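# Structure assessment
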Amino acid sequence: MALEKEIKRRRTFGIIAHPDAGKTTLTEKLLLFGGAIQEAGAVKSNKIKKGATSDFMEIERQRGISVATSVLAFEYEGKKINILDTPGHKDFAEDTYRTLTAVDSVIMVVDVAKGVEEQTEKLVEVCRMRKIPIIVFINKLDREGRDAFDLLDEIEQKLHLRVTPLSFPIGMGYDFKGIYNIWEKNLTLFNGNTRKKVAETIEFKDIENPELEEIIGSKQAETLREELELVYEVYPDFNQEEYLNAELQPVFFGSALNNFGVRELLDCFIEIAPTPRPKESDTRLVYPNEKEFSGFVFKIHANMDPKHRDRLAFIKIVSGTFERNTPYLHARHNKKLKFSSPNAFFAEKKEIVDVSYPGDIVGLHDTGNFKIGDTLTEGEIMHYKGIPSFSPEHFKFINNADPMKSKQLEKGIDQLMDEGVAQLFVLELNGRKIIGTVGALQFEVIQYRLEHEYGAKCTYENINIHKACWVDPKDPKSEEFKDFLRVKSKFMARDKQNQLVFLADSQFTLQMTQTKYPNVKLHFVSEF
Ligand code: G4P
């Protein structure tokens, strides 16, 4: 019974946005509502500022912040809300993709002036693959921005979403008067004097009521009525089932900085957002209310303290209750492990917890047992699916620069790859190692960490690779596949899971290869 009750009150989600759209600001306002923090400015942005690429103190500092803000939990209206932080910097996009395997829903922040930006497109693509329900928050309404309908159009067209506004702005920028909440049927007015605070929220069920003129002026009342008519005409009615199936995305407008429209967003969110969802494993679908505990590792964080080299593995609990000091099965190693000090995260603090429930994240101290995607159970052998790798964007050979330290280098590379810092490919032909990353920054991070954490030195050598493609032949015994392997032997490699990968050196080669070998499918994602 306790389990069912705890599942029902949990909401685990991530906020996604292009950098600067207002993710940190919104997170902070949500925490303020939950009473998890007392003042603005308490949540540090984990943005890596431009120009900081070779400032390793900065990288270390950011890593510290990102542990502190990895999970921000708070209570609101009897609900336990877990916000999973997603790095905004595009060089850490892979981290964000993995975090999205652990969320049950997403709030997407869009800047009213900038509209849909590149990073958002990619993140929504990942959400689509996983059918993650999305609520859209259009931010910075206190500034001059784009027309609301234009923005909604852009979101539909660029992101292929089907939107329905649940609130609508009255004016914008200098003329911003407030918001009509379609969901709650009320008006929330922006304070005209200070333009900072919510003046009041007025229940307003009938938009035709002439009082509207008195409140917001006749011109804006007329515009609002027309716009709402259009909203009701053009956009589908909100339907929770469609939202939960990721077929419909509700939209809210507001200003995170002014804490305007945020309560409306949060109140709707706790009502409609999904409780912890079932998850597919390689053997079956696992439901949160099953008695036996299971969970998976979606993030590994190395300890910042050089005296304690242990790592923190972040586990999302999928089913049952996780208890401290109870032996659980590490399914990949088929080995039981016990955890004496699992951490739970509350706003910016971490504390040792005795019991956690589905939807929760626990941080387990790890001395190198875990890698991303590992499954823990009470005894059942199964592996959760769905932590794919995407083709990296940058590739370099990695060489050992200190022959006396080759063991340390091996271990370092191995552990950093388990953490998901980058991907490793080993050429079939000669065993040379290639590191693939999403951003150029990771090469420096790896070099720095190998030296400081493992005492190993490496150098890089350029290599011309356009994309890594996971190879999926229709018939592995066919002449076509044998020919492919022979002709492309110089470009064949294995990833860390020993999957076969074709490293295409250009878009042209890729296209030619696809045409020549139609029965050898090439995927840009490791899971297909
Ligand atoms: P991010 O985490 O998505 O990268 O964005 P973040 O919250 O850090 O916000 C980016 C900038 O946008 C910040 O300004 C922030 O104050 C501002 N901002 C967020 N929400 C609103 C809003 O509703 N209205 C307006 N006008 N601005 C907003 P900054 O100058 O870059 O940083 P700071 O010096 O204010 O911290």
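Residues numbered from 1 in each chain as written. Predicted model: local features only at pLDDT ≥ 70, side-chain atom pairs only at ≥ 80, totals over all residues. Heavy atoms only, no water.

## Things to note about the nonpolar core
A general tendency of soluble globular proteins is for nonpolar side chains to be buried together. Residues Leu100, Met108, Ile138, Phe168, Leu224, Phe253 and Phe370 are the most contacted members of the largest nonpolar core, which totals 82 residues. Counting contributing residues per domain, this core is built from domain 1 (9–95 + 103–272) and domain 2 (279–377), each supplying no fewer than three. In this view, Leu100 contacts Ile16, Val106, Leu123, Val126, Cys127, Arg130 and Ile132; residues no more than four positions away in its chain are not counted. The next biggest cluster of nonpolar side chains, apart from the first, holds 28 residues, and it includes Phe13, Phe74, Ile107 and Ala256. (Core = buried A, V, L, I, M, F, W, Y, C linked by side-chain atoms within 4.5 Å. Buried < 20%, exposed > 50% of the residue type's maximum accessible area, 1.4 Å probe, protein only. Domains from an automatic or database assignment. Contact = heavy atoms within 4.5 Å.)

## What to know about the environment of Val136
Mapped onto the fold, Val136 is located in strand 5 (residues 134–139). Taking the relative accessible area as the measure of exposure, Val136 reaches 0% and is therefore buried. Counting along the chain gives 27 residues from Val136 to Val163, while the straight-line C-alpha distance between them is 8.5 Å. (Helix = DSSP H or I, 4+ residues; strand = E, 2+ residues; numbered from the N terminus.)

## Considerations on the site of the ligand
Surveying the vicinity of the ligand reveals 16 residues, the closest of which are Asp20, Lys23, Thr24, Thr25 and Ser255. Note that an oxygen atom of the ligand is positioned 2.5 Å from one of the side-chain N or O atoms of Thr25. In isolation the ligand has 710 Å² of accessible area, and contact with the protein removes 68% of it. Considering each element in turn, the shell around the ligand owes the most residues, three residues, to helix 2 (residues 23–33). (Near = heavy atom within 4 Å. Polar contact = N/O pair within 3.5 Å; in protein donor to acceptor, adjacent residues only side chain to side chain. Areas by Shrake-Rupley, 256 points an atom, 1.4 Å probe, with all protein chains shown as cover.)

## Notes on the confidence of the model for the chain
Note that predicted coordinates carrying low pLDDT should not be read in detail. Scored by pLDDT, the chain has a mean of 88; 89% of the residues are at 70 or more. Scored below 50 in pLDDT, residues 48–54 shows nine contacts in the model against residues more than four places distant or in partner chains. (pLDDT = per-residue confidence, 0-100.)

## A word on the packing of helix 2 against helix 10 (residues 262–272)
Two packed helices can be described by the angle between their axes and the distance between those axes. Contact pair helix 2 / helix 10: the axes reach a minimum separation of 10 Å and the direction vectors enclose 70°. When the axes of helix 2 and helix 10 are compared, the pair comes out roughly perpendicular. Residues Leu26, Lys29, Leu30 and Phe33 of helix 2 touch helix 10, and the partners they reach there are Val262, Arg263, Leu265 and Leu266. A class-by-class count of the residues in the contact of helix 2 with helix 10 yields six nonpolar, no polar and two charged. (Axes fitted to C-alpha atoms, helices over the stretch in contact; angles between N-to-C directions. Parallel < 35°, antiparallel > 145°, perpendicular 65-115°, else oblique. Nonpolar A, V, L, I, M, F, W, Y, C, P; charged D, E, K, R; others polar.)

## Regarding a negative patch on the surface
Side chains of Glu222, Glu226, Glu229 and Glu233 sit close together on the surface and give a patch of like negative charge. A residue is classified by how much of its surface remains accessible, and Glu222, at 48% relative accessible area, is partly exposed. (Patch = residues over 30% accessible without salt bridge, like charges linked within 9 Å, V, L, I, M, F, W, Y side chains within 5 Å. Salt bridge = Lys/Arg side-chain N within 4 Å of Asp/Glu carboxyl O. Lys, Arg positive; Asp, Glu negative; His and termini not counted. Charge placed at Lys NZ, Arg CZ, Asp CG, Glu CD.)

## Side note on the sheet that holds strand 2 (residues 71–76)
Taken in spatial order, the seven strands line up as 2-3-1-4-5-11-6 in an open sheet, and their pairing is mixed. Single-partner strands in this sheet number two, and they are strand 2 and strand 6 (163–165). Ignoring which end each strand starts from, the neighbouring axes of this sheet average 25° apart. Pairing of strand 1 (residues 10–17) with strand 3 (residues 79–84), which is carried by five bridges, proceeds in the parallel orientation. Across the sheet, the residue bridging to Gly14 is Leu84, located in strand 3. The sheet strands contacting helix 10 are strand 1, strand 2, strand 3, strand 4 (105–111), strand 5 and strand 11 (249–253), and the helix crosses strand 5 at an angle near 180°. (Pairing = 2+ DSSP bridges.)

## Some thoughts on the packing of aromatic side chains
As enumerated under the stated definition, the model contains 23 aromatic pairs in all. Where Phe149 meets Phe168, the ring centres are 5.2 Å apart and the plane angle is 40°; that geometry is what we call tilted. Taken together, the positions of Phe149 in helix 6 (residues 148–159) and Phe168 in strand 7 (residues 167–170) put the pair 19 residues apart, joining distant regions of the chain. Taking relative accessible area as the criterion, Phe149 reaches 14% and is therefore assigned buried. An angle of 20° between the planes, with centres 6.2 Å apart, marks the rings of Phe339 and Phe370 as stacked. Taken together, the residues Phe339 in the loop between strand 18 (335–337) and strand 19 (343–346) and Phe370 in the loop between strand 22 (361–366) and strand 23 (375–377) connect sequence positions 31 residues apart. Taking relative accessible area as the criterion, Phe370 reaches 1% and is therefore assigned buried. Grouped by ring-pair contacts, the aromatic residues Phe293, Phe322, Tyr328, Phe339 and Phe370 constitute a single cluster. We note Lys299 situated over the ring of Phe314; from NZ or CZ to the ring centre the distance is 5.9 Å. Stacked on the ring of Phe397, the Lys or Arg Arg432 has its end atom at 3.8 Å from the ring centre. (Phe/Tyr/Trp six-rings, centres within 6.5 Å; stacked < 30°, edge-to-face > 60°. Lys NZ or Arg CZ within 6 Å of the ring centre and 35° of its normal.)

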